[in-house]
Amino acid sequence: MNPYQLILKKRNGGEHTPEEIRELVLGFANDQGIETYQMAAWLMAVWFKGMTVPELSALTQAMVDSGDQIDLSSLPGVKVDKHSTGGVGDTTTLILAPLAAAAGATVAKMSGRGLGHTGGTLDKLESVPGLRTDLTSQQFLDQVRRIGVAVISQTGNLVPADGKMYSLRDVTATVDSIPLIASSVMSKKIACGAEVILLDVKYGRGAFMENLADARELARRMVDLGKALGRRVRAVISDMDQPLGTMIGNALEVQEAIEILRNERPGSALEVVSVELAAHLLEMAGVSENLERARVRVRELIQNGEGLRKLGEMFRAQGGDPRVVEDTSLLPQAPIIEPVPSPSSGFVTGIHAQQIGFAGTALGAGRKRKGDPIDPAVGIIMEHRVGDAVEAGQPLAVVHARDRQTLAEARQILLDSIAIGPDRPAPRKLIEEIVE
């Protein structure tokens, strides 16, 4: 194989064969004949020319085959997984995973850490005292077999080609290529062994895809890709123009998930989206015969406390303190808690989700670089959503901070990120559409 010819072919709009893509990806992953500058040129050619579904299928399968794969065949039932493209206050996994498991689905999930303005499920879970996410593959399988659910960090050498290619995309302005995003997401999901994959594709100012058209294209690409690779995949396109949850920050987001499973926040945006996602998982897995029955079942599991009990069971199984589900004061607490008063009266006309996430990062709740430490106790509680009426001096948010310096920085970002005007804005839909 001549890398120059492959770069030229894609640059000129040609379609690669599966064999060409496989040699290119595995050659790069294994340092066998593909130089970094050659892969960079090919990635840029893909950015300009795109990829067909057969090309994308071959790319994703090659990425999966570059490393280990998790074999879930020994587990009972249909194995389900959910992936979110990221956002702020997006705590759906901690709600839907125990609900789906309590309903009878098999939830074997590997999650990631937060970076930039987006939160990470692992960081949230690890704010529970004693909880571990670094289980071995055998511990992971044993836990899922025993209680039906586990949420852990990536184990083994999964999809090394993706990690190596992503590092190169990050420095060559090709991160936002929709085919490359689709293959990156789906390669990890497929390597983790799920049979049913639900994708929560966010759009808005706090999402990777800011506009709906791009979110639709990404959703369509991933659904088509999953089908081509023999998985059942569905995408839910949901709003991330403002934070989804009320609470932003690791321990605070665990607290909000617990309060939703206690049925203390019915009708909240996070509850509505989490219930809908859980219902889709149950219907896709065949646990419920249709979507409406699945919604009813999920709400029953919130009302009767079975979802909450399953979350406590998962905490205990992974070394965490199960009493947290009854007493959230056992979670890490920030020493400084202060409101941010509204400078004027009117209606909240906009909340810039990405900037709210940056305010959390300024407090220490997120990372600016991989490997940065985080403070599990700090964060923000949003007191209003877009469309709410506010009076001057009324709290817009409450900041949980470690020190006065970070408090002042977060307060200013919050004030700059929340717009107040004389007219109530038209509401946006929480869930825009479903892509099958």
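To be clear, the structure that these remarks concern was listed above.
### Remarks on the overall build of the protein chain
Helices and strands together make up the secondary structure of the protein chain, namely 16 helices and 13 strands. A compact globule built from 436 residues would reach a C-alpha radius of gyration of about 22 Å, and the protein chain, at 22 Å, matches this within 12%. Expressed along its principal axes, the backbone C-alpha trace of the protein chain runs to roughly 65 × 45 × 40 Å. Burial statistics for the protein chain: of 436 residues in total, 58% are counted as buried. Accessible surface, the protein chain: about 17200 Å² in total, of which carbon and sulfur atoms supply 49%. For the protein chain, the distance from the average site of its 47 positive side-chain charges to the average site of its 55 negative ones is 2 Å.

### Describing the pairing of strand β1 (residues 79-84)
Within β1, five of the six residues are buried, leaving the element largely enclosed by the surrounding structure. Of the strand pairs in this sheet, β1 and strand β2 (residues 106-111) are connected by two bridges, and their pairing is parallel. Across the sheet, residue Lys79 finds its bridge partner in β2, namely Thr106. Following the chain from β1 across helix α5 (residues 92-103) to the adjacent parallel β2, one finds a crossover that is right-handed. Two elements, β1 and strand β4 (residues 196-203), share five bridges in a ladder whose sense is parallel. Its bridge partner being in β4, His83 is matched across the sheet by Leu199.

### Notes on the environment of Val233
Mapped onto the secondary structure, Val233 falls in strand β5 (residues 232-239). Accessibility expressed as a relative area gives 8% for Val233, which makes it buried. With 36 residues separating them in the primary sequence, Val233 and Ile197 have C-alpha atoms 4.9 Å apart. If we ignore the near neighbours within four places in the chain, the residues touching Val233 are Met186, Ile197, Leu199, Met222, Val223, Gly226 and Met284.

### Some remarks on the packing of α5 against helix α13 (residues 291-303)
Here α5 crosses α13 at 105 degrees, and the two axes come no closer than 10 Å. The angle between the axes of α5 and α13 places the two elements in the roughly perpendicular class. Here Leu99, Ala102 and Ala103 of α5 come into contact with α13, specifically with Arg297, Val298, Leu301 and Ile302. Across the contact of α5 with α13, the residue classes tally to six nonpolar, no polar and one charged.

### Examining the environment of Lys109
For Lys109, the position within the fold is in strand β2. Between the C-alpha atom of Lys109 and that of Gly193, which follows or precedes it by 84 residues, the distance is 9.4 Å. Leave out the neighbours within four places in its chain, and Lys109 touches Asp81, Lys82, Thr93, Phe140, Ala150, Val151, Ile152 and Lys189. Looking at Lys109, its side chain comes within polar contact range of the main-chain oxygen of Lys82, at 2.5 Å.

### Regarding the packing of aromatic side chains
If you walk through the whole model with that rule in mind, you get one aromatic pair. The interplanar angle of 80 degrees and the centroid separation of 4.9 Å between the aromatic rings of Trp47 and Phe48 together place this pair among those described as edge-to-face. Classification of Phe48 as exposed rests on a relative accessible area of 59%. One Lys or Arg, Lys164, reaches over the ring of Phe28 and ends 4.7 Å from the middle of that ring.

### Focus on the sheet that holds strand β9 (residues 379-382)
One open sheet accounts for four strands, arranged β6-β9-β11-β7; its pairing is antiparallel. Edge positions in the open sheet fall to β6 (247-248) and β7 (336-341), since each of these has one partner strand only. With two bridges connecting them, β6 and β9 associate as antiparallel partners. Residue pairing across strands places Ile248 opposite Ile380, the latter belonging to β9.

### Structural notes on the sheet that holds β5
Overall, mixed pairing links the six strands, which are arranged β3-β2-β1-β4-β5-β13 in an open sheet. Since the sheet does not close on itself, it has two edges, and those belong to β3 (149-153) and β13 (431-435), each with one partner. Averaged over all pairs of adjacent strands, the angle between strand axes in this sheet comes to 20 degrees, irrespective of strand direction.

### What to know about the packing of α5 against helix α14 (residues 306-317)
Remark: α5 packs on α14, axes separated minimally by 8 Å, with the N-to-C direction vectors making an angle of 105 degrees. With respect to α14, the axis of α5 lies roughly perpendicular. Residues Leu94, Pro98, Leu99, Ala101 and Ala102 of α5 pack against Glu306, Gly307, Lys310 and Leu311 of α14. Residue classes in the contact of α5 with α14 are distributed as six nonpolar, one polar and two charged.

### Here's the deal with helix α11 (residues 250-261)
The end-to-end C-alpha distance of α11 is 17 Å, a good match for the 16 Å that 12 residues give at a rise of 1.5 Å each. For α11, the buried fraction is high: 12 of the 12 residues fall into the buried class. Within α11, burial applies to Asn250, Ala251, Leu252, Glu253, Val254, Gln255, Glu256, Ala257, Ile258, Glu259, Ile260 and Leu261. Directly after α11, the chain includes Asn263, whose backbone phi takes a positive value near 65 degrees.

Scoring rules and cut-offs
Residues numbered from 1 in each chain as written. Predicted model: local features only at pLDDT ≥ 70, side-chain atom pairs only at ≥ 80, totals over all residues. Heavy atoms only, no water. Helix = DSSP H or I, 4+ residues; strand = E, 2+ residues; numbered from the N terminus. Rg over C-alpha atoms; globule rule 2.2 N^0.38 Å. Buried < 20%, exposed > 50% of the residue type's maximum accessible area, 1.4 Å probe, protein only. Areas by Shrake-Rupley, 256 points an atom, 1.4 Å probe, with all protein chains shown as cover. Lys, Arg positive; Asp, Glu negative; His and termini not counted. Charge placed at Lys NZ, Arg CZ, Asp CG, Glu CD. Pairing = 2+ DSSP bridges. Right-handed = clockwise from strand over helix to strand, strands pointing away. Contact = heavy atoms within 4.5 Å. Axes fitted to C-alpha atoms, helices over the stretch in contact; angles between N-to-C directions. Parallel < 35°, antiparallel > 145°, perpendicular 65-115°, else oblique. Nonpolar A, V, L, I, M, F, W, Y, C, P; charged D, E, K, R; others polar. Polar contact = N/O pair within 3.5 Å; in protein donor to acceptor, adjacent residues only side chain to side chain. Phe/Tyr/Trp six-rings, centres within 6.5 Å; stacked < 30°, edge-to-face > 60°. Lys NZ or Arg CZ within 6 Å of the ring centre and 35° of its normal. Expected span 1.5 Å × (residues − 1).

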